[in-house]
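Each chain, written out:
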Amino acid sequence: MDISRRDLFRIGIVGAAPALAVTSEETDAYGGWTKKRFEKTGFFRLDQDDRWWMVTPEGHAFLSFGVNHIHGGWWKAPYNRDHWARQFGVSGASDPRFDDRLRRWLMDLIPELGFNSVGVHTDLNLINTPRPFIPYVARFEPIDIPHWKAPGPSEFPDVFSESFREHTLRLARREVAPLRDDPMVLGYAMTDCPIFTDWDAKERGDTLYGAPRSALPTFPRVLRNLPAGNAGKRVYVETVVDLYKGSISDFNAAYGTEFQSFDSLEAAADWRPTTSPANAQETRDNTAFLRRVVDRYYDVAREAICRQDPNHLFLGDKLNGNTDTADTVVDITAQYTDLVFYQAYGRFGWLEPSLDRWSQAAGKPLFNGDGSFATPAVNMPRPYGPLAEDHEERAAWTLEYAGRALSRPDFVGWSYCGLIDTWTDLSERKQLRQHAGVMSPTGEFHEPMRSAMRKIADRLYETARE
């Protein structure tokens with residue numbers, strides 16, 4: 001373990017008496033800190049004094065410490081469904097009362113651990129039926145290209161087309177409008193680590209954040225191969241005309257093609273389905289065009305949300321901090337979002353330079369939408385995240401991350417991944433990678449992880465006391 005004793009002293013594992021915990025009398029109905037007040041608006045928002053804060057509907061300072069992966073099916077796996085059916089006093093996982101008993105159990109457990117919100121990876125029917133019992137991140141997904149789904153070319157729409165704009169507006173009317181007046185909504189998040197860059201799309205081995213998979217398409221590769229007459233193809237050609245200063249011969253030299261003009265490039269369908277990683281000019285071109293794609297996508301999404309709901313925050317996609325995605329597009333996305341919403345699996349010392357870059361490029365606060373550390377087990381040999389030797393080291397890493405992140409004036413939230421372990425026989429996808437929680441699949445806590453969660457919650461507003 002390479003955390004200094006000074007760091008352990010600061011985060012409360014060893015040494016003198018810990019800082020005073022925030023008591024229930026000091027928090028409002030949303031988990032906000034009543035000792036620090038801002039204007040009351042009836043909805044979650046952001047504000048800034050000596051640091052960035054989220055602000056509760058009642059006008060109190062709020063830092064989000066949430067939990068991800070509340071999925072009902074994870075309590076109904078072959079290895080644990082009988083246990084939970086007995087605990088909930090129902091006949092089995094298919095009993096209509098199962099989900100209601102699970103929800104009641106979660107209503108007690110989540111606050112007991114100190115979590116004051118739930119993250120985007122959550123079955124909201126368990127949280128919101130019949131009404132939300134805790135602040136939550138809502139989903140709005142005009143595109144569906146997360147890294148773990150292995151999307152094909154058809155999943156990358158022409159975002160420059162009017163049909164995409166109409167699709168996004170329809171989706172907002174269906175999914176955003178009903179939440180307009182819900183005070184429990186923290187904000188709207190879109191795709192989970194979308195496939196944007198060539199790094200995102202390349203063939204992948206076993207990584208901290210995902211299982212092995214084949215290479216995938218990207219927006220530049222899909223849209224540049226559309227037939228003439230498509231809006232995305234026109235924008236691609238406009239982009240390369242600018243990059244090559246109108247010289248089709250220079251473009252041909254870069255790509256080994258023989259187009260007579262940029263008009264003939266626009267007319268050519270399926271002319272380059274793959275990308276050469278060794279071609280630096282092609283990489284430059286793809287990045288320049290991708291930034292235009294992301295700008296258009298976010299412009300359309302923001303418009304659709306604001307038409308239906310002017311009350312809540314727009315978080316945007318959960319950008320992959322383990323690839324080059326955030327560095328490539330965060331200055332674009334931040335023009336439309338209220339904060340930088342990212343995912344990153346790694347120790348804080350590794351991550352901090354990235355946070356500095358993203359904060360400077362965006363000028364917006366930071367919110368870690370997913371991330372954690374893990375300890376392998378017999379039935380969970382390859383969990384997501386950096387692997388600690390045991391749960392004591394895992395808890396120390398977790399406390400270090402929380403302490404150092406929350407001490408930053410630009411950091412406003414972390415959705416921890418996650419609550420319950422998943423084992424390899426939950427699903428085919430879990431054979432290669434599993435999720436590690438703070439408890440086993442049958443509810444036994446991993447100590448000292450439970451106390452680590454509670455320590456983070458109790459010290460959540462310590463930075464404001466200094």
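(A) Representation of the overall build of the protein. Broken down by element type, the protein carries 16 helices and 12 strands. Taking 23 Å as the expected radius of gyration for a compact globule of 466 residues, we find that the protein reaches 23 Å, a close match to that expectation. Projected onto its principal axes, the C-alpha coordinates of the protein cover approximately 75 × 50 × 50 Å. Split into buried and exposed, the 466 residues of the protein put 58% on the buried side.

(B) Layout of the pairing of strand β12 (residues 411–416). For β12, a buried count of six out of six residues is recorded, marking the element as mostly surrounded by other parts of the structure. Both strand β5 (residues 64–67) and β12 contribute to a ladder of four bridges, which runs parallel. When the sheet's bridge partners are listed, F65 is paired in β12 with W414. As paired strands, strand β11 (residues 366–371) and β12 are joined by four bridges and run parallel to one another. Each residue of the ladder has a partner; that of L366, found in β12, is F411.

(C) Representation of the pattern of salt bridges. Taken as a whole and judged by the stated rule, the model has 29 salt bridges. A salt bridge links D338 to R302, with the nearest nitrogen and oxygen atoms 3.4 Å apart. Taken together, the residues D338 in the loop between α12 (325–333) and β10 (340–343) and R302 in helix α11 (residues 280–308) connect sequence positions 36 residues apart. The class of R302 is partly exposed, set by a relative accessible area of 25%. Among the ionic contacts, a cluster of salt bridges with common partners joins R347, E352, D356, E400, R404, R408 and D410.

(D) Geometry of the layout of surface pockets. Its boundaries defined by the atoms lining it, the largest pocket holds a volume of some 650 Å³. Forming the boundary of the largest pocket are 34 residues, of which H69, H121, W148, D192 and R429 lie nearest the centre. Looking at which element gives the most residues to the lining of the largest pocket, the answer is strand β8 (residues 185–192), with three residues. The class makeup of the residues in the lining of the largest pocket is 12 nonpolar, nine polar and 13 charged.

(E) Representation of the packing of helix α5 (residues 162–175) against α11. One can describe the packing of α5 onto α11 by two numbers: an axis separation of 9 Å at closest approach and a directional angle of 35°. Here the hand of the crossing between α5 and α11 comes out right-handed. Residues F164, R165, T168, L169, A172 and R173 of α5 form the contact with α11, whose own contacting residues are R296, Y297, V300, A301, E303, A304, I305, R307 and Q308.

(F) Main features of the packing of α12 against helix α13 (residues 348–362). Look at α12 against α13: their axes get within 8 Å of each other, and the N-to-C directions meet at 20°. What the angle tells us is that α12 and α13 run roughly parallel. As α12 packs across α13, the resulting crossing turns out to be right-handed. In contact with A326, D327, V330 and D331 of α12, α13 contributes R357, W358, A361 and A362.

(G) Broad picture of the nonpolar core. One finds W75, L106, F140 and F251 to be the most contacted residues of the largest nonpolar core, which totals 139 residues. No other element matches α11, which puts 10 residues into this core. Residues contacting W75, with those up to four places away along its chain left out, are H69, I70, N80, R81, W84, F98, L102, W105, L106, L419 and I420.

(H) Quick peek at helix α9 (residues 248–255). Here α9 has its buried residues at I248, F251, N252, A254 and Y255. With its buried residues spanning 160° around the axis, α9 presents them on a single face. Packed against the buried residues of α9 are α8 (231–243), α10 (262–267) and α11. Taken from the residues just after α9, G256 is the one with a positive phi, measuring 70°.

(I) Local environment of helix α14 (residues 391–406). Over its 16 residues, α14 runs 22 Å from end to end, which matches the ideal 22 Å to within 8%, given 1.5 Å per residue. Counting buried residues in α14 gives 12 out of 16 residues, a clear majority hidden from the surface. The set of residues buried in α14 consists of E393, R394, A395, A396, W397, T398, L399, E400, Y401, A402, A405 and L406. For α14, the N-terminal capping position is held by D390, with its side-chain oxygen 3.2 Å away from the main-chain nitrogen of E392.

(J) Structural detail: the side chain of T197. For T197, the position within the fold is in the loop between β8 and α6 (198–201). Setting aside anything within four residues of it in sequence, one finds T197 in contact with T218, L290, D324, T325 and T328.

(K) Molecular detail of the packing of aromatic side chains. According to the stated counting rule, one finds 34 aromatic pairs in the structure shown. Cluster of aromatic residues (ring-pair linked, three or more members): F160, Y236, Y244, F251, Y255, F259, F262, W271 and F289. Note that R224 overlies the ring of W271, its terminal NZ or CZ placed 5.6 Å from the centroid. The aromatic ring of Y244 is capped on one face by R284, whose charged end is 5.0 Å from the ring centroid.

(L) Up close: the sheet that holds strand β2 (residues 45–48). Ordered by their spatial adjacency, four strands build an open sheet running β1-β4-β3-β2, and the pairing between neighbours is antiparallel. A strand with exactly one partner marks an edge of an open sheet, and here the two such strands are β1 (33–37) and β2. Averaged over all pairs of adjacent strands, the angle between their axes in this sheet comes to 55°, without regard to strand direction. When strand β3 (residues 52–55) meets strand β4 (residues 60–62), the two strands line up antiparallel, connected through two bridges. The residue bridging V55 from the neighbouring strand is A61, located in β4.

(M) Quick look at unusual backbone geometry. Between T129 and the following residue, P130, the backbone shows a cis peptide bond with an omega angle of 0°. In this structure, P130 sits in the loop between α4 (124–128) and β7 (136–139). Here the amide bond leading from E447 into P448 is cis, since omega sits at 10°, within 30 degrees of zero. One can find P448 in the loop between β12 and α15 (449–458). The backbone of H69 shows a phi angle near 65°, a positive value even though the residue is not glycine. Relative to the elements of secondary structure, H69 occurs in the loop between β5 and α2 (81–88). One non-glycine residue, D270, lies in the positive phi region at around 55°. Mapping D270 onto the fold places it in the loop between α10 and α11.

Rules used in this analysis
- Residues numbered from 1 in each chain as written.
- Predicted model: local features only at pLDDT ≥ 70, side-chain atom pairs only at ≥ 80, totals over all residues.
- Heavy atoms only, no water.
- Helix = DSSP H or I, 4+ residues; strand = E, 2+ residues; numbered from the N terminus.
- Rg over C-alpha atoms; globule rule 2.2 N^0.38 Å.
- Buried < 20%, exposed > 50% of the residue type's maximum accessible area, 1.4 Å probe, protein only.
- Pairing = 2+ DSSP bridges.
- Salt bridge = Lys/Arg side-chain N within 4 Å of Asp/Glu carboxyl O.
- 1 Å grid on protein atoms, 1.4 Å probe; cavity = no way out; pocket = protein on both sides within 12 Å on 5 of 7 lines; lining within 4 Å.
- Points joined across faces, edges and corners; volume = space filled by probe spheres on them.
- Nonpolar A, V, L, I, M, F, W, Y, C, P; charged D, E, K, R; others polar.
- Axes fitted to C-alpha atoms, helices over the stretch in contact; angles between N-to-C directions.
- Left-handed = near helix turned anticlockwise from the far one by under 90°.
- Contact = heavy atoms within 4.5 Å.
- Parallel < 35°, antiparallel > 145°, perpendicular 65-115°, else oblique.
- Core = buried A, V, L, I, M, F, W, Y, C linked by side-chain atoms within 4.5 Å.
- Arc of directions from axis to C-beta.
- Expected span 1.5 Å × (residues − 1).
- Polar contact = N/O pair within 3.5 Å; in protein donor to acceptor, adjacent residues only side chain to side chain.
- Phe/Tyr/Trp six-rings, centres within 6.5 Å; stacked < 30°, edge-to-face > 60°.
- Lys NZ or Arg CZ within 6 Å of the ring centre and 35° of its normal.

No statement about biological role is implied by the geometric values presented.
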